[in-house]
Amino acid sequence: MPRPVDVPSLVASAREGTARAVARLISLVEDEHPALPEIVAALAPHVGGAHVVGLTGAPGVGKSTTTSALVSVLRAAGRRVAVLAVDPSSPFSGGALLGDRIRMSEHAGDDGVFIRSMASRGHLGGLSATAPSAIRVLDAAGFDVVLLETVGVGQSEVEVARLADTSVVVLAPGMGDGIQAAKAGILEIGEVFVVNKSDRSGADDTVRDLRRMVSLGDRTEPHLWRPPVVRAVALDGAGMGEIVEAVDAHLAWSREHGGLEARRRRRTVDEIEALALAGLRRRFAGDAGEDRLDTLAQEVLDGGLDPFAAADRLLEQAGLSSSRS
């Protein structure tokens, strides 16, 4: 039995900027604590102020270094910044393996920065299934910018576009990006493209390929956003100011043209649907649900039922309408 949680007090402390309260709330989110609905309800009046920026890209392009350098630039501008770094999971514990908090330790003593690693726990899109609620915690805690850094697993990370207000795709020369990457879904989500390690040979080719790709996109109308391509060397901070300018410009454009509200509405639809489906799964799992599923599966294998009829029967047993009604 989980320990009871004083949700109002915890949320109030997080709103005051207490890092320990923010960390505790995110832990409750990750653990899917029974108090989670109460927590989300208490946060609801305080969300919507943070700019959620997703950073994604293939392994080795320097996402964490770029994220850390961006934090420095944003803090110099007086903004409070939260970093949610989603790591691969340990197959044994489900915990984060890489530990981005260690890689970003230079910001550890800054009260205006909060850094948290979350385990992806096998979630295919590169994001943790509990990331939406964790973002709500950070938003309600008053952070101006939430940097969402995803697992570097290539094109499956298109899910970052569903959670971020602005998606930044980080690439590097000599890593098979260029035209090959243009075929991957990950490049279709970018509002800002960053060629990191641009002091290396091949950077000019990567930049040229990306700009050509952008020019070929369906963005010729004046009111459509044209993603900029920014050169950067995150290790020495070069180009970080330009990235922040590009990200801010996209936010301003989104607000002016209604894209921000539309994206956040779509994100909320996805979240509601995911929560409803999770509730259904829990309902099926309870009351000998696994036994029922096994029995129905065996009937399908034996030829007594087809999968649609089995699904209809399962829904009827749960008091729901047929899947085809």
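For every chain, the first residue of the written sequence is number 1, and numbering continues from 1 along that sequence. Only residues with pLDDT of at least 70 get local features here, since the model is predicted, and only at 80 or more are side-chain atom pairs given and counted; chain-wide, interface and lining totals rely on the full set of residues. Each side-chain value is derived from all of the structure's non-hydrogen atoms; neither hydrogens nor water enter the calculation.

A. Main features of the overall build of the protein chain. Helix and strand definitions here come from DSSP, where helices need a minimum of 4 consecutive H or I residues and strands a minimum of 2 consecutive E residues; each element is numbered from the N-terminal end. Along its length, the protein chain carries 13 helices and seven strands. Burial classes: relative accessible area under 20% of the type maximum marks a residue as buried, over 50% as exposed, and values in between as partly exposed (1.4 Å probe, protein chains only). Within the protein chain, the fraction of its 325 residues that count as buried is 46%. Working rule for contacts: check all heavy atoms of both residues, and any pair within 4.5 Å makes them a contact. Excluding contacts between residues fewer than 6 apart, the proportion of contacts in the protein chain whose partners are at least 24 apart in sequence is 72%. Surface summary for the protein chain: the accessible area is close to 16,300 Å², and the carbon and sulfur share equals 54%. Working definition of accessibility: Shrake-Rupley area with a 1.4 Å probe, residue cover restricted to the visible protein chains.

B. A look at the environment of D110. With respect to the element layout, D110 can be found in the loop between α5 (100-103) and β3 (113-119). Note: C-alpha distance between D110 and R80 (30 residues apart in sequence) is 9.8 Å. One polar contact links the side chain of D110 to the main-chain amide nitrogen of G112, over a distance of 2.8 Å. Identification of polar contacts relies on pairs of N or O atoms within 3.5 Å, with a donor-acceptor requirement for protein atoms, meaning one able to donate a hydrogen and the other able to accept it, and with residues adjacent in sequence counted only if both atoms are side-chain atoms.

C. Seen up close, empty space enclosed by the protein. Grid points spaced at 1 Å over the protein atoms alone were grouped into cavities, where a 1.4 Å probe fits but cannot get out, and pockets, open sets with protein on both sides within 12 Å along at least five of seven lines, with lining residues defined by an atom within 4 Å of a point. Grid points are joined across faces, edges and corners, and a volume is the space filled by probe spheres set on the points. Taken as a whole and assessed by the stated rule, the structure comprises one cavity of 30 Å³ or more. In terms of lining, the largest cavity is formed by H51, V53, L70, L74, R79, V145, L147, I243, V244, V247 and D248. Of all the secondary structure elements, the ones that give two or more residues to the lining of the largest cavity are β1 (51-56), α4 (63-76), β4 (145-149) and α10 (240-257). Residue composition of the lining of the largest cavity, grouped by class: eight nonpolar, one polar and two charged. Classes in brief: Ala, Val, Leu, Ile, Met, Phe, Trp, Tyr, Cys and Pro nonpolar; Asp, Glu, Lys and Arg charged; the others, Gly included, polar.

D. Structural context of the nonpolar core. By size, the foremost hydrophobic cluster in this structure holds 45 residues, and its most contacted members are V22, L138 and F193. Setting aside anything within four residues of it in sequence, one finds L138 in contact with V22, I26, A82, L84, F114, F143 and V146. If you look at the next biggest cluster of nonpolar residues, it comprises 27 residues, including V83, V145, L147 and I243. To define a nonpolar core, start from buried Ala, Val, Leu, Ile, Met, Phe, Trp, Tyr and Cys residues and group those joined through side-chain atoms within 4.5 Å.

E. Representation of α4 within the structure. Taking 1.5 Å as the rise per residue, α4 with 14 residues should run 20 Å; its terminal C-alpha atoms sit 20 Å apart, in good agreement. Within the sequence span of α4, burial applies to K63, S64, T66, T67, S68, A69, L70, V71 and L74. Trailing α4 by a residue or two, G78 shows a phi angle of about 85 degrees, which is positive. The length a helix should cover is 1.5 Å for every residue beyond the first.

F. Quick peek at the pairing of strand β6 (residues 192-195). Covered by surrounding structure in β6 are V192 and V194 together with F193 and V195, the residues of both alternating faces. Only when DSSP finds a minimum of two bridges between them are two strands counted as paired. Both strand β5 (residues 166-171) and β6 contribute to a ladder of four bridges, which runs parallel. When the bridges of β6 are listed, V169 appears paired with F193. The pairing of β6 with strand β7 (residues 229-231) spans three bridges and is classified as parallel. In the sheet register, V195 faces β7, and the bridge partner there is R231.

G. Local environment of the packing of helix α1 (residues 7-15) against helix α3 (residues 36-43). Angles shown run from 0 to 180 degrees and are taken between the N-to-C directions of axes, each axis being a line fitted to C-alpha atoms and, for helices, limited to the stretch in contact. Remark: α1 packs on α3, axes separated minimally by 10 Å, with the N-to-C direction vectors making an angle of 45 degrees. The angle between the axes of α1 and α3 places the two elements in the oblique class. Handedness of the α1/α3 crossing: right-handed. Residues V7, P8 and V11 of α1 touch α3, and the partners they reach there are E38, I39, A42 and L43. Its residues assigned to classes, the contact of α1 with α3 shows six nonpolar, no polar and one charged. An angle below 35 degrees is treated as roughly parallel, one above 145 as roughly antiparallel, one from 65 to 115 as roughly perpendicular, and anything else as oblique. By convention, the crossing between two helices is left-handed when the near helix turns anticlockwise from the far helix through less than a right angle, and right-handed when the turn is clockwise.

H. Fine view of the pattern of salt bridges. We define a salt bridge as a side-chain nitrogen of Lys or Arg found within 4 Å of a carboxyl oxygen belonging to Asp or Glu. Overall, the coordinates contain 13 salt bridges when judged by the stated rule. Between D110 and R75 there is a salt bridge; the shortest N-O distance is 2.9 Å. Of the two residues, D110 sits in the loop between α5 and β3 while R75 sits in helix α4, which places them 35 residues apart along the sequence. Residue classification places D110 among the partly exposed positions, given a relative accessible area of 24%. D165 is paired through a salt bridge with R264; the nearest N and O atoms lie 2.9 Å apart. Linking D165 in the loop between α7 (160-163) and β5 with R264 in helix α11 (residues 259-285), this pair joins segments that are 99 residues apart in sequence. The buried category is assigned to D165, whose relative accessible area is 2%.

I. Here's a closer look at helix α9 (residues 203-216). Taking 1.5 Å of rise per residue, 14 residues should cover 20 Å, and α9 covers 20 Å from first to last C-alpha, within 8% of that figure. Taken residue by residue, α9 has A203, T206, V207, D209, L210, M213 and V214 as its buried positions. What you see down the axis of α9 is that its buried residues fit within an arc of 165 degrees, all on one side. Throughout, the arc means the angular range of directions from the helix axis out to the C-beta atoms.

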